[in-house]
Structures are given as structure tokens and as C-alpha cells.
Amino acid sequence: MRDRGRRFVLLGVAILVALTGLTLGHVRPAAADDQVKVLLLLDVSGSMNEKLASGGTKLAAAKSALKRVADSLPQGTQVGLRVYGSKIKEPKEENPKACQDTELVMPIGPLDRNRMYGAVDSFEAVGETPIAYSLERSVADLGDQGRRVVVLISDGEENCVPDPCPVAKKLAAKGVDLQFNAIGFDVNSKARKQLQCIVDETDGSYYDADDTDELNESLDKLTKRALRPFALSGKPIMGAAGTSNAPRLKAGHYRSTYDLKGLDRFYWIERTIPRSTITVSASVIVPRGRQGDNESWSIVLRGPDQPYPCGLTVFTDTGADGTASVMSQALTSTGGTFSCAEGDVLLQLARLNNNIAGVDLKPELDVEIVVTEEPPITNLAELPPGLSDEAIDRTPVAAAKQAKSVVGGVAFSDAPVLQPGSYLSNIVVGETLVYQVPVQPGQRLRATLDTPAPGRKWGFEGYPVGARLSVFSAKRAQLDEQLEEIPQGSPAKTVRTTAGTPEIRIRNRELKGRPDDVRAVVSAAFGGNHYLMVSLRPLESDLLGVLTPVRLNIAVDGEPTGLPVYAEQPPTPGPSSPGPSSPAGSPPSSETPVPTSPGPGGSETPVPGGGGAPGVGGAVTAVLGILAVLVVAGVVTVVLLRRRAATRAGGSSGPDGPAGPPGAP
């Protein structure tokens with residue numbers, strides 16, 4: 001009897017523990033392995049004792065920059081510091097151990113500013129430059145779990161192995177959550193080429209810095225970016241060579257890797273709402289310095305029994321970011337539909353223009369696939385008609401009285417959300433920065449890029465560069481692109497580039513099938529976060545990585561009007577991952593914008609493609625419900641135990657007491 005009672009108690013406790021675990025599973029904070037880990041890797045070889053033209057030594061400038069990082073990173077950031085060349089003064093010919101002279105002066109852990117200050121002051125610059133060996137040790141420091149970032153600062157080339165790039169390639173193959181970034185501090189062309197090759201292996205960023213200010217700005221930018229999601233996000237998935245075994249996708253984010261074979265891959269997209277509009281976008285990033293103009297992709301959508309496409313586009317990457325989107329159908333003013341209106345939709349995605357002689361294409365390239373599903377619109381006939389022409393207003397946007405500093409994203413996934421106003425940022429030649437701006441139906445977006453920011457110096461005076469500003473829709477279709485070329489020998493003055501959108505109207509999509517001059521209008525048919533891409537295109541490869549300050553002035557004209565009403569709520573996104581969570585203090589990731597439209601009773605209904613975590617109210621309700629179950633389970637356990645005790649006290653007719661009713665304990 002005692003054993004049975006004990007077992008009953010243990011069963012009750014087990015139920016409580018299980019339920020408690022379930023509750024904690026809903027509200028637990030992110031584990032340490034879920035957080036990004038940042039390792040700063042600093043070159044402290046003997047050459048770091050050289051003087052800078054701006055004053056002081058390279059080593060002093062680097063230590064000052066690291067302390068600034070300690071002051072700017074959020075508390076709790078997982079950060080560490082490794083150096084190389086700090087111990088052995090003899091050259092490698094006299095002491096081979098000089099090529100293993102690397103030290104973890106601050107192991108990775110939650111940021112402690114005083115601890116980091118002490119680590120920065122603990123070493124001198126005396127030795128060789130074993131970059132490859134130090135990278136291997138750095139990856140070991142970071143472990144094999146979670147998102148891991150290395151930020152390398154070097155003033156010279158590797159001198160222990162012929163080329164560190166093969167080592168970086170081998171290390172990069174250990175996981176998609178590893179990224180190398182580098183700053184070339186007053187380096188020559190050979191060292192720059194080595195560092196650029198290292199970062200290309202993981203789609204990281206390379207910056208040049210020639211003085212203390214540029215080093216501070218570059219390091220600040222790289223470390224802040226490290227705390228955001230990596231450029232491409234989504235659930236890993238592989239398309240099939242045929243349609244019969246193609247994977248099935250629902251609304252959500254996916255990521256796939258394509259090689260140079262140029263084969264079509266197929267995916268089935270499940271339609272969960274009859275006569276819905278399915279939109280697919282594909283985005284790629286080509287490492288700087290490669291021949292991006294030869295990277296072309298095709299997106300084709302077909303119905304299950306349709307020989308002809310209901311959506312088709314081909315897009316070419318320009319050497320940094322490329323993107324395109326396709327709708328599964330077009331709508332008429334009466335709400336009718338053309339092909340792909342019913343049933344699942346077949347996605348055919350291919351990497352084109354491959355195997356070109358003499359072109360340096362990346363052997364494997366990731367593509368991000370975003371699928372959204374929009375329910376039928378019930379008030380379509382009442383909405384404003386589509387525009388008859390492009391009608392983009394490119395009047396320059398006046399600068400605000402005060403400009404805010406912002407760190408741009410490197411792709412859609414980590415683009416910060418901006419409101420109308422002026423923003424200061426730093427960009428390097430060959431880089432693309434991305435920002436998001438909310439724009440609703442009835443409104444239009446205008447943006448002006450000032451290169452460089454007024455009152456700031458050129459980073460490339462006397463060299464030919466193109467300042468490019470591109471605008472993309474909420475579905476990642478290009479709406480406008482403007483390029484202002486800055487010819488060689490141009491005077492040091494600000495060059496202005498302005499781009500914008502047509503007025504966003506839901507019925508703009510009805511113009512599908514018209515000539516190319518209204519293609520931007522067709523895509524300007526969805527409210528939500530639109531994207532601005534800023535890039536400085538190099539006309540000479542030596543300019544890659546040169547840092548330049550720019551100002552972005554943003555205006556959103558008009559008021560929200562002509563909002564759609566949907567037949568039902570949008571479907572819940574499928575089992576995909578929007579990427580790692582943004583850390584506290586970083587801009588929210590808006591892979592899928594969340595515009596709203598009037599619902600019943602004037603409430604707001606999320607537009608399809610909306611993402612994000614469940615509402616706080618829902619989470620609280622769920623937790624309270626589970627707590628109620630815990631209380632009931634505890635009360636039942638106590639009552640049953642007391643009943644058994646009372647039965648024992650009243651007597652028994654056998655070893656285990658009188659038989660109870662069926663089902664009684």
C-alpha cells in the first residue's frame with residue numbers, strides 16, 4: 001500500500017513536472033546556443049607598430065577601436081577576442097612556432113566592458129602574421145552551435161602559408177551559420193585580395209580602413225551587423241529534378257543552394273484558400289568582385305495541368321543583390337481570374353548563364369525563396385483603378401534638419417525599418433545596403449541618395465564610381481532604379497540620386513501583360529514594407545572596400561486609401577524559419593511585411609505574407625490556461641491522496657483495503 005501510494009504521488013509529480021516543462025517551453029528565454037557569438041580577431045604582428053599618417057601607431061588605433069566596440073555593444077552580447085603575433089619576436093625562419101603564435105586573450109562570453117578593456121591592454125605587437133592558423137583556432141573558439149561570426153582586423157598578408165583562402169573555404173564548409181568579415185587596415189593589394197577571398201567564402205563583408213576614423217567606423221559597422229540575422233534566411237530545402245517528387249511548400253521562407261549545372265528545380269506550392277493569389281520571390285547575393293552580371297535566374301509558375309506559365313520572369317544580378325517576384329494570376333476589375341486560379345501551383349526555378357569561359361562564378365550560390373498567399377479581395381470593384389502609366393515622381397527629397405545614424409542591412413533579411421526623414425550611413429564601394437520603408441495603398445515612396453553626405457569627404461575622390469539607388473516592392477519586385485555616374489577626376493561635391501515608386505494601388509496588377517514600360521506599375525500592387533537598395537558600383541576593382549559616408553532622404557507622399565478587404569483571414573505560414581531572432585536593440589527583421597487593411601467593424605486585418613511572433617495576449621492566455629491545468633492537477637492529486645488516507649483510517653478488508661468503484665485508484 002505504501003509503495004502504491006508513493007507511486008501515485010510520483011505520478012502526480014511527474015504530471016506536474018511535465019506540464020511545468022510545457023509551460024516553460026512557451027516562455028523560456030533563448031538559450032546561449034541560440035545567440036550570435038562574435039569573435040574579434042586582431043593582427044598584432046610587428047608591422048602594427050608602424051605610424052599612421054593621421055598620427056599614432058596602428059596598434060594604438062586598433063586598441064582604441066576595440067574599446068569603442070566594448071562601449072557600443074549591448075550588454076549580454078556573446079563576444080571574445082583573439083590576437084596573433086603577440087608572443088614570439090623571432091621570425092619564422094628562426095622559430096617555427098611563430099606561425100602558431102595566436103592567443104585567446106578573452107574567451108567568448110557575455111560582454112563585460114571592464115574585462116574587455118583589460119584584455120585589450122594585455123598584449124603588444126611583436127610577431128608574424130599566421131592568419132590561416134588563427135582562423136582555425138577562432139572557429140574552434142566559437143564552437144559548432146548557433147550563429148558564429150569572426151571579425152578579422154589585419155594590416156598585412158599571410159606569411160606562414162602561401163594562401164589562407166583554401167583554409168577559409170574548408171572552415172566555411174562546416175556550417176551555414178559561420179561568417180567571416182574582415183577589415184584591411186592600411187593594406188597593399190595582395191593583402192586586400194587575400195582578405196576579400198576569405199570573406200567571400202561565407203558571404204561576409206570586407207572594408208578598407210586607412211586611418212583611425214575609418215577603422216572605428218568599419219569595426220562599429222561590422223560588429224553591429226553581426227548581431228542581426230545573416231543575409232539569407234529560411235528553412236533549408238532542396239528542389240527536385242522532376243515534378244512528381246518535388247517538395248511541397250506553404251506560405252513561408254525557404255533557402256536552397258544551386259550549383260553551376262544550370263538544372264531546373266521544381267517545388268509544389270500548396271494553395272490553402274480557393275482562388276487565392278500566390279506570389280513567389282527569389283533573392284540571391286553574389287560576393288563583391290565576382291561577375292554578377294552573368295548571374296541570371298528564371299522563375300516560372302504553372303497550374304497543375306497548365307502547359308503555359310501563369311507567371312514568368314528572368315532577373316539578372318548586378319554583382320551584389322538580385323531579386324525578382326512572380327504572381328500566380330492577374331485579377332480583373334470584376335474579381336475574375338486567369339490561369340492558376342485553382343489548385344496547387346508548380347514553381348520552376350533555375351540558375352542560368354552558367355559555365356561561361358573566363359567568368360568567375362561562385363560554384364554554389366544560395367537563393368532565398370519567399371512564398372505568400374493572398375485571399376480573394378471582396379471589394380476589388382470599389383477600389384481605385386490601376387494607373388495608366390509608370391508615373392514615378394523623382395523630385396529630389398529635401399533633407400531633414402537632423403539626420404539619424406543608421407546601419408544598413410546587407411539584404412532583405414536584416415534591413416532596418418525607416419520612417420520618412422534623413423539618415424546617415426557608411427557604405428563601401430562594391431557593397432549594397434538595404435532599408436525598409438512602410439508604404440500603403442494610396443501612397444508613393446521617394447528617396448534621394450546624397451553621395452557623399454554633405455560636409456563629409458569622398459572615400460574615392462578622383463576615381464570613377466556609380467551611385468545606384470533601387471526601389472523594390474513589398475513582394476521584392478524592382479519598381480525603379482537610378483544610377484548617377486561619378487566620372488574620374490570629378491570635383492569633390494555631393495552627387496544626388498533620386499528614385500521612387502508609382503502610387504501603390506491594388507488594381508495596378510490588372511495591367512499584367514502590358515508592355516515593359518508599365519511593369520513597375522503591375523508590381524506596385526501590394527501595401528507593406530518596401531525596400532531601398534543603395535550601392536556604389538566600382539569601375540575599378542581596386543576601389544572595392546573603400547568606405548564612404550552617404551545620406552538617405554526619405555519621403556512617403558499621400559495618405560492610405562483604397563485598402564483591400566479579404567474574403568477570409570490569410571493562411572498561417574508553413575513550416576519555415578524566418579532566420580535567427582534579432583537581438584535586443586537591433587532593428588526588427590521584416591522578411592514578410594505586415595501591412596493591414598480594414599476588417600469587419602473597422603478592425604485591422606493582417607495582409608497575407610505577414611509574419612512575426614504570436615501576440616502577447618495570446619501567449620499570456622496560453623500560459624494562464626496551462627497554469628490552471630497545473631492547479632487542477634494539484635488539487636485532484638491532493639484530494640485523491642486524502643481520500644486514500646481516510647479509507648485506510650476507516651479499516652480494510654485485505655492487504656490493500658476494500659475494492660473501490662471501477663476506475664478508482
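Predicted model only: the values in this text are computed from it and were never measured. (Residues numbered from 1 in each chain as written. Predicted model: local features only at pLDDT ≥ 70, side-chain atom pairs only at ≥ 80, totals over all residues. Heavy atoms only, no water.)

Glancing now at the overall build of the protein chain. Regarding its fold elements, the protein chain presents nine helices and 27 strands. Expressed as a percentage of its 665 residues, the buried residues of the protein chain come to 52%. Long-range pairs, those at least 24 residues apart, make up 76% of the contacts in the protein chain with a sequence separation of at least 6. Put simply, the protein chain shows about 28800 Å² of open surface, and 53% of that area lies on carbon and sulfur atoms. (Helix = DSSP H or I, 4+ residues; strand = E, 2+ residues; numbered from the N terminus. Buried < 20%, exposed > 50% of the residue type's maximum accessible area, 1.4 Å probe, protein only. Contact = heavy atoms within 4.5 Å. Areas by Shrake-Rupley, 256 points an atom, 1.4 Å probe, with all protein chains shown as cover.)

In this structure, Leu40, Leu42, Leu81, Leu215 and Leu219 are the most contacted members of the largest nonpolar core, which totals 40 residues. Considering each element in turn, this core owes the most residues, seven residues, to helix H2 (residues 58-72). Ala447, Val465, Ile486 and Ile504 belong to the second-largest nonpolar core, a separate cluster that totals 30 residues. (Core = buried A, V, L, I, M, F, W, Y, C linked by side-chain atoms within 4.5 Å.)

The pLDDT averaged across the protein chain works out to 75; a share of 70% of its residues lies at or above 70. A low-confidence stretch, residues 1-33 (pLDDT under 50), is modelled with 29 contacts involving residues beyond four sequence positions or located in other chains. In this model, residues 330-338 is a region of pLDDT below 50 whose contacts with residues beyond four sequence positions or in other chains number 21 contacts. (pLDDT = per-residue confidence, 0-100.)

A word on the sheet that holds strand E6 (residues 206-209). Read from one edge to the other, the open sheet built from six strands follows the order E3-E2-E1-E4-E5-E6, with strand pairing classed as mixed. Lying at the two open borders of the sheet, with one neighbouring strand each, are strand E3 (102-110) and E6. Between one strand axis and the next, the sheet turns through 15° on average, direction left out of account. Relative to strand E5 (residues 178-185), strand E4 (residues 148-154) runs parallel, the two being bridged by seven bridges. (Pairing = 2+ DSSP bridges. Axes fitted to C-alpha atoms, helices over the stretch in contact; angles between N-to-C directions.)

What follows concerns the environment of Tyr423. Mapping Tyr423 onto the fold places it in strand E18 (residues 421-428). Spatially, the C-alpha atoms of Tyr423 and Ile554 are 8.4 Å apart, while their sequence positions differ by 131 residues. Those residues in contact with Tyr423, other than ones at most four positions away along the chain, are Ala403, Lys404, Val406, Leu418, Val550, Arg551, Leu552 and Ile554. Within the structure, Tyr423 has its side chain in polar contact with the backbone oxygen of Gln419 (distance 2.8 Å). (Polar contact = N/O pair within 3.5 Å; in protein donor to acceptor, adjacent residues only side chain to side chain.)

Moving on, we come to the sheet that holds E18. Overall, mixed pairing links the five strands, which are arranged E17-E18-E25-E20-E23 in an open sheet. Only two strands of the sheet have a single neighbouring strand rather than two, namely strand E17 (403-405) and strand E23 (495-500). On average, each strand axis in the sheet is inclined to that of its neighbour by 30°, with strand direction left out of account. Contacts from helix H7 (residues 212-226) reach E18 and strand E25 (547-557) within the one sheet, and its direction differs from that of E18 by about 105°.

Here the focus is the packing of aromatic side chains. Applying the stated criterion across every chain yields a total of three aromatic pairs. Ring geometry for Phe412 and Tyr531: centres 4.6 Å apart, planes at 90°, overall edge-to-face. Residue Phe412 is located in the loop between E17 and E18, and its partner Tyr531 is located in strand E24 (residues 528-538); the two are separated by 119 residues in the primary sequence. Residue classification places Tyr531 among the buried residues on the basis of a relative accessible area of 0%. (Phe/Tyr/Trp six-rings, centres within 6.5 Å; stacked < 30°, edge-to-face > 60°.)

Residue position: Ser154 is located in strand E4. Relative accessible area serves as the criterion here: at 1%, Ser154 is assigned to the buried category. A polar atom in the side chain of Ser154 sits 3.4 Å from the side chain of Tyr84. Dropping the residues within four chain positions of it, Ser154 is found in contact with Asp43, Tyr84, Thr129, Ile131, Ile183, Gly184, Phe185, Val187 and Leu195.

Helical geometry: 3.6 residues make up each α-helical turn, so side chains three or four residues apart lie on a common side. Listed in full, the buried residues belonging to helix H3 (residues 113-120) are Met116, Ala119 and Val120. Projected onto a plane normal to the axis of H3, the buried residues spread over an arc of 100° and lie on a single side. In this fold, the buried residues of H3 make contact with strand E1 (37-43), H2, strand E2 (78-84) and E3. Between the side-chain oxygen of the N-cap and the backbone nitrogen of Asn114 there are 3.1 Å, and the N-cap of H3 in question is Asp112. (Arc of directions from axis to C-beta.)

The tally for this structure, following the rule as stated, stands at three disulfides. Covalent S-S linkage joins Cys99 and Cys160, the inter-sulfur distance amounting to 2.2 Å. Taking the sign of the S-S torsion, -90° for the link of Cys99 and Cys160, the bridge is left-handed. With Cys99 in the loop between E2 and E3 and Cys160 in the loop between E4 and helix H5 (165-172), the pair connects residues that are 61 residues apart, well separated along the chain. For Cys99, a relative accessible area of 17% puts it in the buried group. With a relative accessible area of 23%, Cys160 lands in the partly exposed category. The disulfide that involves Cys310 links it to Cys340, with 2.0 Å between the sulfurs. Its S-S torsion of about -85° marks the bond between Cys310 and Cys340 as left-handed, since a negative value means left-handed. Linking Cys310 in the loop between strand E12 (296-302) and strand E13 (311-316) with Cys340 in the loop between strand E14 (321-327) and strand E15 (345-352), this pair joins segments that are 30 residues apart in sequence. The same class applies to Cys310 as to Cys340, namely buried. (Disulfide = S-S within 2.5 Å.)

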